[in-house]
Structure formats: structure tokens, C-alpha cells
Amino acid sequence: MPVLITSQTVTPPLINLKQLRQRAEMLLSLCGHAQSELSILLLDDPDMAQLNEQYRNKKGPTNVLAFAMQEGGGEHLPAELLGDVIISLDTASREAASDRVTLHQRVTILLIHGLLHLLGYDHERSPGEAQGMAEREKHLLNQLLTEERRGKMVSLAINVDHIATLRQARGIAEPDPVLAAGICELAGAQGIVVHLREDRRHIQDRDVRLLRQTVKTKLNLEMGATEEIIGIALEIKPDMITLVPEKRKELTTEGGLNVAGQKKKLQEVIARMHKGGIPVSLFIDPDSRQISASHEVGATFVEIHTGRYCDAVTEQARDKEFSLIATAAEEAYEMGLRVNAGHGLNYLNTRRVAGLGTIEELSIGHAIMARSILVGLDQAVREMLALLPAG
Ligand code: PXP
């Protein structure tokens, strides 16, 4: 096994260890050491302070230590055994907060630093070496992030609620959202989304039941966390659910869920869904408090609300909202959450969000349905798909 990660922290680390391993493997490969073995140990400050004192005669914790296998009597060991990089997650968390980066990013930077030490770089030998090492670190981080996001495919999940709204306007059987969902799938959509509202203003129970039988890609049931709808979800078993706040008077979902304000309740709902084998996504504003809370309550996905970005009327406001989405998606991705996004996306503003490299799926309804009236549903779906990175 080329990369071995051990965590000896008191509480489980708030980073995705699988992703850290993948990054470490990618770094080894970028450094020309794909076959080498590396061990990563994650500690809290007290244990780090002990090692720092024992091996470097220094008081207090440090952020990273690297012990090369070939040093201190290990010269006879195979060169592929690189050694250990030891990282204090307490120190890394403080540094992440002061540098305004995610914990995962800080840990990645410390890992690169430690790895370069194992490969013979030493910033303490001379200012020239320190500069060379800093440049190599920066370059490796860029290479790593570029590689990681290269060719990430983004899926399109289509919300067919509007078809049901049109049907309900006449109170007859047409148009049928079930049929529309089939057309979307045939045109290449990778998922279908419906919102079963408490007031049943558009999607009906019959629609969800039939869609469960007919959708071949992935059925995502959007819903408020009410007992009645939870019961329906557990019975019908969509491929996933997305929890949204629901207000009777709103025209469409207005804001994100306040996950931080109802952690206990959401934790219980998520646990019930997981017991029923249903992954849960939480629809949240691009806000780091809500992302950490979503991670804490055990969500599998977050769906980042893109509404404010889509509604922004000036270039400046749009850029500001976009950067909030980019940061939030990055934060969630690095925490190990899977990241979707949606609301208000159209043929002009989607490409930028889809290009972030951290977002797995976009949930789009209104723009596609509006265009379908003019060009047909099949064409409207294909035009949206053409805007997405396709792997
Ligand atoms: N995501 C969520 C959680 C939503 O509530 C909606 C609207 O139903 C969408 C995405 C799709 O938004 P739009 O219809 O503006 O594309």
C-alpha cells in the first residue's frame, strides 16, 4: 500500500481521509515516486508537542514533522520506503482559520511540505533552498488541484415540477410530468427531480409513485422535513432526497435550510433516511456555518443555493455571489461532502458554476422548461447538456 494514513486524534478528523489518501498518491506520482510508500500520521497538539520536544528539543506543538526512513540508521532500508509525515490537526485548524483556507487545504499544504522534506528538500539549510522549496510547494499544489479537477463530469438533474404546475392549472391529466421525465432522460439528463410539496400544488403522490417505477437514471425527491412526506419517502424510496425549507406562501423555494439551527431534528431525519437506504442532500445557502453543520448532521450531499448569483443584476454583485458559491463548494468538497448546486440556473449563467470542478450535479428546472415551450423539451435539455463539462 503506497500511502498509509493513521489518525490518533481524540475526535474524528474533520477531513475526508479517502480524499487525503488520493491526494497523497497523486503527489507521490507528481514527484516521480508513484511506487514509494508514505505514512501519514494525524495527531492533536499534545502528542505533537511531545514529538517536537523528543526529536527537535523544541517546546510546544508544531504543524508538521517529517521523518525520512533513510535517516538515523535506516540507510539500509529500501529506498521506496519514504518515511512519515506527521501533522497536527489542531495546529492545522488554527492556521487554516488564519489563512482563510479550508482545513483540508491546509493539511494538503503541510503534506506537500513534509513530503518535500522526505525527498531531501530543507528550507533550514540556506535562504536559496528555502526559496526553492517554497516554489516547489506552490507548483505542486497547483498541479495537484489541476489534476484533481481535470475532466470532472457534471451531471444534469432536471426538475419537472413546472410540467405538473401546467397540468394542475387545468385540473386534467395533461401534460404529464412522468412522460416529460422520460423525454428528459432520453435527451441525456442524468437525473429527475420533483418536489412533493405539503400543499400538492404541482407534483402529486401519483407522480412520485409512477416516477419511482419509470425513472431509469436517478430520482431525487425534494421535500420539506415533515412527518407525512418523510413517511412517503421512506415508502417510495427515491434514489436520494433533498431537504428544503418549505413555506406555503412562497412561489418557489426561497432560501437555504437553516441546518445549524436545527441540527438535532435533521440528524434524526437523516438517520431515518439512511436506515431506509436513502442518501440525503441538504439545500443550503453558500455559508460555511451551514456547511459544517451539514457535515456534522451526517448529510451525504449539500446542494448549494445558486439563487442570489443568478438573480444578481450587476457584474460586481454577480462576481461576489459566484465567489461565495465557489468557496462554499470548495469547503464542502474538501470536508468530504458531495456537492450539488441549483436554483435559478439558466443558459447564460450555468457554465461558470459547472466549471468549478467541485460540483457533481446541477438541479435545473425553470430555464429548461421555459425554453422547451419554444424549442421542445428534447432540444432544451440537449442545449443545457452541451454547456456542461462532459468528462
Ligand atoms: N434546487 C432546489 C432545491 C429547488 O427548490 C429548485 C426549484 O424547485 C431548483 C433546484 C431548481 O430551480 P430552477 O427551477 O430555478 O431551475
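Residues numbered from 1 in each chain as written. Predicted model: local features only at pLDDT ≥ 70, side-chain atom pairs only at ≥ 80, totals over all residues. Heavy atoms only, no water.

Moving on: the pairing of strand β2 (residues 37–43). Counted residue by residue, β2 has six buried out of seven residues, so it is predominantly covered. Each parallel crossover has a hand, and the one from strand β1 (residues 3–7) via helix α1 (residues 17–30) to β2 is left-handed. Inspection of the sheet shows β2 paired to strand β4 (residues 81–88) by seven bridges, in the parallel sense. Directly across from Leu42, in β4, lies its bridge partner Ile87. (Buried < 20%, exposed > 50% of the residue type's maximum accessible area, 1.4 Å probe, protein only. Helix = DSSP H or I, 4+ residues; strand = E, 2+ residues; numbered from the N terminus. Right-handed = clockwise from strand over helix to strand, strands pointing away. Pairing = 2+ DSSP bridges.)

What follows deals with the packing of α1 against helix α5 (residues 127–149). The geometry of α1 relative to α5 is characterised by a closest axis approach of 10 Å and an angle of 120° between their N-to-C directions. Of the possible angle classes, the one that applies to α1 and α5 is oblique. In this structure, α1 crosses over α5, and the sense of that crossing is right-handed. Of α5, the residues touching α1 (which contributes Arg23, Met26, Leu27 and Leu30) are Arg136, Leu140, Gln143, Leu144, Leu145, Glu147, Glu148 and Arg149. Tallied by class, residues from the contact of α1 with α5 come to six nonpolar, one polar and five charged. (Axes fitted to C-alpha atoms, helices over the stretch in contact; angles between N-to-C directions. Parallel < 35°, antiparallel > 145°, perpendicular 65-115°, else oblique. Left-handed = near helix turned anticlockwise from the far one by under 90°. Contact = heavy atoms within 4.5 Å. Nonpolar A, V, L, I, M, F, W, Y, C, P; charged D, E, K, R; others polar.)

A word on the layout of surface pockets. Reported here for the largest pocket is a volume of approximately 540 Å³. Taken together, 25 residues form the lining of the largest pocket, with Asn159, His162, Thr252, His343 and His366 sitting closest to its centre. Elements supplying a minimum of two residues to the lining of the largest pocket: α6 (161–170), β12 (361–364) and α15 (366–375). The dominant element in the lining of the largest pocket, judged by the number of residues it contributes, is α6, at three residues. (1 Å grid on protein atoms, 1.4 Å probe; cavity = no way out; pocket = protein on both sides within 12 Å on 5 of 7 lines; lining within 4 Å. Points joined across faces, edges and corners; volume = space filled by probe spheres on them.)

Keep in mind these numbers describe shape, not what the thing actually does.
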